[in-house]
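# Descriptive structure summary
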Amino acid sequence: MKNIINKKNISAIILAAGEGKRMKSKTSKVLCELLFEPMISWVSRSLQKLGCSNSEICIVCPDDNDSKDLIVLATNNKFCYATQKQRLGTAHAVKQAIDFIKNSKNDNILIMLGDAPLVSENILKDFYDYHLSENNSLTILSSEIKNPFGYGRILRDPNNSKNILKIVEELDCNQDQKLISEINSGVMCFKKQALLIALDKINNNNIKNEYYITSAVDILKAENQKIGAYNCQDEKVVLGANTRFELLKMNEIARLEVIKNLAENGIEFISTEGVVISPSVKIGAGSVIYPGVILKDFCEIGENCVITSNSFISKSSIGSGSIIKSSYIDNSKIGENVKIGPFSNIRPNCDIKSGVKIGDFVEIKNSNIDQNTSVAHLTYIGDSDVGQKVNFGCGCVTVNYNGLEKHRTIIGNDCFIGCNTNLIAPVKLGDGVYTAAGSTITDDIPDGAMSIARSRQINKTNWKLKK
Ligand code: UD1
Ligand code: MG
């Protein structure tokens, strides 16, 4: 991943111990997904792209149920983790990472909210540059929004607008303050020493009796430290998801943003209708994505591919020039110039090499299919290793399961598998093997042999007349 800041002097704390009752989720809110990826992953990815190394990111997790374990799992246990046993406010949450802060070798600590996933690395970079150039002890990422209800309002000094006087939380606002449209996004950057001073002194003297991280402004002001706010024009920085409907609206924003970025990089969309692509997906220039395509979980699609409607592809790579028509592909590797579908199901652990053709109503599972093989219609291939230039007739089945255990089918190069052949595994076909249509093959076939395994046809003449 390319870092956008070279000076690696920043650590980050993500607050993720909130309840999220309104999400009606059994686990932590930050695990709710935006474009198939947990919100916490969006936040940590932006930080990584900014240049934070994994050991410089600390997530403050809730203590209830198995939420912390699930957050650790969702983030591959690659960051630092702290636990907040009681929810006593945002400053209390930050304080749970006190050892992380003290041990940090960096001069600046960024505070992020785990439920505000749309703060991009570019926004963070501009914000952080501002923090450094102003030499602030604390910089707040703010934005002006039409409906500031519920947010902390930024009070600027009327005589010097650069000077921040206070952040007033909704419940503590008077009538005039309620009209202020510039609000605190929740993202803040502290000099490490300033954060330690603030955390030591913040109290809970407010209507909610919570320890507010926003009170750091009052404390640092009293210490004559420099405080600023970076007013970001992009309202996305304040978008948090408290309900499923808010999450849905964020999905829509994020969805179009991903599509826009891809379009700018040379990917063609006929319409954005029903197209859902996770930000972890990579697509090469010249590829065409039809309406109703879903691509998720780190898929890598090559250049000049065509993926038509109702395809659903996850955890897979697709080589350049391949055409996927209305098919499912999961956890598999597809080579270059492969044709799949319409209506095929490529189940996990398939390695399908270049030039292979897989037609309609074909299911392939845990199998390797070598170059230029053709599986044109109505076929099941499971637990198999298939060579190059093999032709499967219609309706072939590798019979991989005997009710107790699974076995492999091995097929050499240049074979011709007749229509409706059953290959009862374990079984091995050499190179250049032919099977007669309708055969049920139970024994290995040597190179170059033709195998017929069906009963001979008997024609009972005049049968109808006699009957
Ligand atoms: C907070 C800010 C407010 C800002 C708003 C932006 C404070 C006091 N107020 O208000 O100025 O405009 O965010 O959305 O900071 N959390 C914990 N432990 C806690 C409490 C909260 O981990 O004990 C986490 C939550 O998971 C959430 C974040 O901190 O991600 C913010 O908490 P929340 O209760 O949503 O604060 P707001 O009232 O929205
Ligand atoms: Mg909130």
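Residues numbered from 1 in each chain as written. Chains lettered and ligands numbered in written order. Predicted model: local features only at pLDDT ≥ 70, side-chain atom pairs only at ≥ 80, totals over all residues. Heavy atoms only, no water.

## With respect to helix α7 (residues 192-201)
Every α-helix winds through 3.6 residues per turn, so residues three or four apart in the chain are directed the same way. In plain terms, the rule: Relative accessibility decides the category of a residue: with a 1.4 Å probe and only protein chains considered, values under 20% of the type maximum give buried, values over 50% give exposed, and everything between is partly exposed. Put simply, DSSP H or I for four residues or longer makes a helix, DSSP E for two residues or longer makes a strand, and each gets a number counted from the N terminus. Whether two residues are in contact is decided by their heavy atoms, any of which lying within 4.5 Å being enough.
When we look at burial in α7, the residues that qualify are K192, A194, L195, L196, A198 and L199. Residues of α7 that are buried in the fold lie against α3 (90-95), α4 (98-103), β6 (108-113), β10 (182-191) and α8 (216-222).

## Details of the layout of surface pockets
Once rolled over the atoms, a probe with the size of a water molecule shows which space is left empty. The condition that has to hold: Using a 1 Å grid laid over the protein atoms alone, points where a 1.4 Å probe fits but cannot get out form a cavity; open sets with protein on both sides within 12 Å along at least 5 of 7 lines form a pocket; any residue with an atom within 4 Å of a point counts as lining. Grid points are joined across faces, edges and corners, and a volume is the space filled by probe spheres set on the points. Three classes are used: nonpolar for Ala, Val, Leu, Ile, Met, Phe, Trp, Tyr, Cys and Pro, charged for Asp, Glu, Lys and Arg, and polar for all others, with Gly counted as polar.
In this structure, the largest pocket spans a volume of roughly 1800 Å³. Listed by contribution, the elements that provide at least two residues to the lining of the largest pocket are α3, β10 and α9 (244-264). Considering only residue class, the lining of the largest pocket consists of 19 nonpolar, 16 polar and 14 charged. Here the second largest pocket is characterised by a volume of approximately 1400 Å³. Lining the second largest pocket are 45 residues; nearest its centre among them are R45, K49, E121, P279 and S280. Contributions of two or more residues to the lining of the second largest pocket are made by β3 (37-38), α1 (39-50), α2 (67-74), α5 (121-133), α9 and β14 (282-283). With 7 residues, the single largest contributor to the lining of the second largest pocket is α1. Partitioned by chemical class, the residues of the lining of the second largest pocket number 20 nonpolar, 11 polar and 14 charged.

## Notes on the side chain of Q84
Applied cut-off: Polar contact is the term for a pair of N or O atoms within 3.5 Å; when the atoms are in protein, one must be able to donate a hydrogen and the other to accept it, and sequence-neighboring residues count only if both atoms are side-chain atoms.
In this structure, Q84 sits in strand β5 (residues 80-84). In this structure the side chain of Q84 is engaged in a polar contact, spanning 3.3 Å, whose partner is the backbone oxygen of Q86. Among all residues touching Q84, those that are not within four sequence positions of it are A17, V60, C61, P62, D63, G89, H92, A93 and Q96.

## Topic: the sheet that holds strand β38 (residues 427-429)
The cut-off we apply is this: Think of it this way: DSSP has to see at least two bridges between two strands before they count as a pair.
With parallel pairing, the 9 strands of this open sheet are ordered in space as β14-β17-β20-β23-β26-β29-β32-β35-β38. The two strands at the open ends of the sheet, each matched to only one other strand, are β14 and β38. Examined bridge by bridge, strand β26 (residues 351-352) and strand β29 (residues 368-369) share 2 bridges and lie parallel to one another. Paired with D351 across the bridge in β29 is N368.

## Some thoughts on the pattern of salt bridges
Inclusion rule: Put simply, a salt bridge is a Lys or Arg side-chain nitrogen that is within 4 Å of an Asp or Glu carboxyl oxygen.
On inspection of all chains with the given rule, the structure shows 20 salt bridges. Measuring nitrogen to oxygen at the nearest pair gives 2.8 Å for the salt bridge that ties D115 to K29. Taken together, the residues span a long stretch of sequence, with D115 in the loop between β6 and α5 and K29 in the loop between β1 (10-15) and β2 (33-34) at a distance of 86 residues. Residue D115 shares its accessibility class with K29, and that shared class is buried.

## Things to note about the sheet that holds strand β41 (residues 450-451)
The strand order across the open sheet built from 11 strands is β12-β15-β18-β21-β24-β27-β30-β33-β36-β39-β41, with neighbouring strands paired in parallel fashion. The open sheet has two edge strands with one neighbour each: β12 (268-269) and β41.

## Focus: the site of ligand 1
For clarity, the cut-off: Residues are counted as near a molecule or strand when any one of their heavy atoms sits within 4 Å of it. Computed with the Shrake-Rupley method and a 1.4 Å probe, the accessible areas treat only the protein chains shown as cover for residues.
In the region of ligand 1, 21 residues are neighbours, and G18, Q84, T90, E169 and N184 sit closest. Take L15: an N or O atom from its main chain is 3.3 Å from an oxygen atom of ligand 1. Bound to the protein, ligand 1 loses 82% of the 740 Å² it would expose on its own. Mapped onto the shell around ligand 1, the elements with two or more residues apiece are α3 and β10. Split into classes, the residues belonging to the shell around ligand 1 amount to 9 nonpolar, 9 polar and 3 charged.

## Comments concerning the packing of aromatic side chains
Quick reminder of the rule: Working definition: rings of Phe, Tyr and Trp (its six-membered ring) pair if their centres are within 6.5 Å, and the pair is stacked with planes under 30 degrees apart, edge-to-face with planes over 60 apart, and tilted otherwise.
Per the stated rule, a full pass over the model turns up 5 aromatic pairs. On the numbers, 5.1 Å between centres and 10 degrees between planes, the contact of F312 with Y328 is stacked. In this pair, F312 sits in strand β19 (residues 312-314) while Y328 sits in strand β22 (residues 328-330), placing the two residues 16 residues apart along the sequence. Taking relative accessible area as the criterion, F312 reaches 22% and is therefore assigned partly exposed. Since its relative accessible area comes to 47%, Y328 is described here as partly exposed. Clustering of aromatic rings is evident, with ring pairs tying together F127, Y130 and Y230.

## A word on the pairing of β6
Two faces belong to every sheet, and in a regular strand the side chains alternate between them. The buried count for β6 comes to 5 of 6 residues, which makes it a mostly enclosed element. Where β1 and β6 come together, 6 bridges link them in parallel fashion. Each residue of the ladder has a partner; that of L15, found in β6, is L113. Across 4 bridges, β6 lies against β10 in antiparallel orientation. Looking across to β10, one finds that I111 is bridged to M188.

## Some thoughts on the environment of I441
You can see I441 is positioned in strand β40 (residues 440-441). Those residues within four positions of I441 in sequence are excluded, and the remaining contacts are T421, N422, L423, I424, V427, T435, S451 and A453.

## Side note on the nonpolar core
Here is the rule we go by: By convention a nonpolar core is built from buried Ala, Val, Leu, Ile, Met, Phe, Trp, Tyr and Cys residues, the set being connected through side-chain atoms within 4.5 Å. An automatic or database domain assignment supplies the start and end points of every domain.
Counting 58 residues, the largest nonpolar core has L295 and I352 as the members making the most contacts within it. Elements that contribute at least two residues to this core include exactly α1, α9, β13 (276-277) and β38. Sort the elements by how many residues they give to this core and α9 lands first, with 6 residues. Among the domains, domain 1 (10-238) and domain 2 (244-451) are the pair contributing at least three residues each to this core. What L295 contacts, discounting residues up to four positions off in sequence, is V276, I277, S278, V281, I283, I289, I301, I307 and I313. Within the second largest apolar cluster, 34 residues are counted, among which are C58, V60, L138 and I167.

## Quick look at the side chain of D383
For D383, the location among the structural elements is in the loop between β31 (380-382) and β32 (384-386). When sequence neighbours within four positions are dropped, the list of residues in contact with D383 reads K365, N366, S367, N400, K406, H407, R408 and T409.

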